[in-house]
Structure formats: structure tokens, C-alpha cells
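# Observations on chain architecture
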Amino acid sequence: GYTTFPGRPTWDHTDLTYRVVNYSPDLDVASIDDAFSRAFGMWSNVAPLTFTRQEQGNVDILIQFGSQNHGDSYPFDGKNGVLAHAFGPGTYSINGDAHFDEDEFWTQGGGNGYSLFIVAAHEFGHSLGLDHSSIQGALMYPTYSYQANLQLHSDDVAGIQDLY
Ligand SMILES: CNC(=O)[C@@H](NC(=O)[C@H](CC(C)C)CN(O)C=O)C(C)(C)C
Ligand SMILES: [Ca+2]
Ligand SMILES: [Zn+2]
Ligand SMILES: [Zn+2]
């Protein structure tokens, strides 16, 4: 089933904010903004959380695209392999942040490349305090799998509702 991070960290507020620092050239800005909005919506549909996008200033969840060394101790690995990573809740600025590997080809689904929406929904689960699930059909399972109509697994729902 689902897991949380050690010490079970959660946000101490439910009106969370996010900012998109930069954009991948693989998709137009509107599609990227929409993918992130829909990914947050998967979680706010089942937990008492709201997500508000800000154009600048301090936010809880900073989103960026980067390749190889991109400013933290977890360099990406080129095309394929690790697609993205995110940090759990906490008081440091990096807590909650989600980074996407720019060496991937980000798509709106189907075909080649990786669905930004699906990967973002997984990463935002981490941003909220969920670690990986042992259930293969769960969004928080550690390997990527494409689904045309992504739905949270009951295990994902149980996890987020345990936390908030
Ligand atoms: C296609 N490549 C994969 O399936 C790789 N898995 C990932 O990139 C995870 C993200 C997916 C699940 C969206 C990394 N992760 O857990 C971030 O929070 C490997 C399994 C190869 C590591
Ligand atoms: Ca990669
Ligand atoms: Zn990073
Ligand atoms: Zn993960």
C-alpha cells in the first residue's frame, strides 16, 4: 500500500501555492499550465486541499524543468531513466518542489514521450507527503505507466486522506 515520508511530514496549511519557474519547449505554455492544473486537481478532488498558481514570489511548490545538474544534489540522467523528482513537505525552500527532466520528450499523452500530466500527478503526490506505493496500479507506484484516462487508485486516495 501507500507510504509516507519518515516522520510523516505534511503541510501545516491546505491552501497551497505553486509557481512554474520555466517551461519545456516540448509543449506550448497553455498545455503545460493545464497539465499541472489537472494534476493538482486529481489530489484536490479527494482531499481538502486547494492549489493556487502564482506568477512570482514565494510559493510552497516551485516547479521547474532541468537537465543533468540543475541546482540540487540530485542530477538528472539524460533521456529516459529517471523522469522527475519531488521533495516532501517541510520548512525548507526546496520542500514541496517538483523538478522535471528536460531531456525527456514531454507529451499530452499517448504516442512517444512521457505524459507530463501523469508524471506531474505522481510528483505532486510526493510534494504533498506521499512516498511510493507497493501497488502496481497506484499512481504512487515507482515506475511510469501510461493510462489514457488517469484515475487515482484507492490506495492513493487512502494515503492522501490519511495525511489530510
Ligand atoms: C520510465 N522511467 C521510470 O519509470 C523511472 N521512474 C521514474 O522516473 C519515477 C517517476 C515516475 C513513476 C513518474 C521517479 N520518481 O519516483 C519520481 O518521483 C524508473 C523506474 C526507471 C526509475
Ligand atoms: Ca531522465
Ligand atoms: Zn532536482
Ligand atoms: Zn516517485
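Residues numbered from 1 in each chain as written. Chains lettered and ligands numbered in written order. Predicted model: local features only at pLDDT ≥ 70, side-chain atom pairs only at ≥ 80, totals over all residues. Heavy atoms only, no water.

A few words on the coordination of the zinc ion (ligand 4). Coordination of the zinc ion (ligand 4) by the protein involves His122 (NE2), His126 (NE2) and His132 (NE2), with metal-donor separations of 2.0 to 2.1 Å. Along the chain, the residues that donate to the zinc ion (ligand 4) are spaced as H-x3-H-x5-H. Looking at His126, the relative accessible area reads 7%, which means it is buried. Taking the relative accessible area as the measure of exposure, His132 reaches 29% and is therefore partly exposed. (Donors = N, O, S within 2.8 Å, 3.2 Å for Na, K, Ca; no water. Buried < 20%, exposed > 50% of the residue type's maximum accessible area, 1.4 Å probe, protein only.)

Bringing the pattern of salt bridges into the picture now. Evaluated as defined, the whole model comprises four salt bridges. For the salt bridge of Asp34 with Arg38, the shortest nitrogen-to-oxygen distance reads 2.8 Å. Within this pair, Asp34 and its partner Arg38 are both found in helix H1 (residues 29–44), separated by four residues, close to a single helical turn. According to the relative accessible area criterion, Asp34 is partly exposed, its value standing at 38%. Overlapping salt bridges, with partners in common, bring together Asp33, Arg53 and Glu55 in one network. (Salt bridge = Lys/Arg side-chain N within 4 Å of Asp/Glu carboxyl O. Helix = DSSP H or I, 4+ residues; strand = E, 2+ residues; numbered from the N terminus.)

What follows deals with the sheet that holds strand E4 (residues 84–86). One open sheet accounts for five strands, arranged E2-E1-E3-E5-E4; its pairing is mixed. Because the sheet does not close on itself, it has two edges, and the strands there are strand E2 (50–53) and E4. Each strand of the sheet is rotated relative to its neighbour by a mean of 20°, with strand direction disregarded. As defined by bridge partners, strand E1 (residues 15–20) adjoins E2 across four bridges and the pair is classed as parallel. If you follow Leu16 over to E2, its bridge partner there is Phe51. (Pairing = 2+ DSSP bridges. Axes fitted to C-alpha atoms, helices over the stretch in contact; angles between N-to-C directions.)

It is worth spelling out the nonpolar core at this point. Generally speaking, soluble globular proteins have nonpolar side chains that are buried together. Counting 42 residues, the largest nonpolar core has Phe36 and Phe100 as its most contacted members. Counting residues per element, the ones that place at least two in this core are E1, H1, strand E3 (61–66), E4, strand E5 (98–101), helix H2 (116–128) and helix H3 (154–163). If you tally residues by element for this core, the top one is H2, at eight residues. Excluding residues that lie within four positions of it along the chain, Phe36 makes contacts with Val20, Ile63, Phe65, Phe100, Leu116, Ala120 and Phe124. (Core = buried A, V, L, I, M, F, W, Y, C linked by side-chain atoms within 4.5 Å. Contact = heavy atoms within 4.5 Å.)

Along its 16 residues, H1 runs 22 Å from first to last C-alpha, staying within 8% of the 22 Å computed at 1.5 Å per residue. The set of residues buried in H1 consists of Ser31, Ile32, Asp33, Ala35, Phe36, Ala39, Phe40, Gly41, Met42 and Trp43. Of the surrounding elements, those touching the buried residues of H1 are E1, E2, E3, E5, H2 and H3. (Expected span 1.5 Å × (residues − 1).)

With that settled, consider the coordination of the zinc ion (ligand 3). The protein atoms that coordinate the zinc ion (ligand 3) are His70 (NE2), Asp72 (OD), His85 (NE2) and His99 (ND1), at distances of 1.9 to 2.0 Å. Geometry at the zinc ion (ligand 3) is tetrahedral, judged from its four donor atoms and the angles of 95 to 116° they form at the metal. Along the chain, the residues that donate to the zinc ion (ligand 3) are spaced as H-x1-D-x12-H-x13-H. Residue Asp72 is located in the loop between E3 and E4, and its partner His99 is located in strand E5; the two are separated by 27 residues in the primary sequence. Overall, the relative accessible area of 5% leaves His99 in the buried class. (Tetrahedral: all angles 85-135°; square planar, octahedral: opposite > 155°, others 65-115°.)

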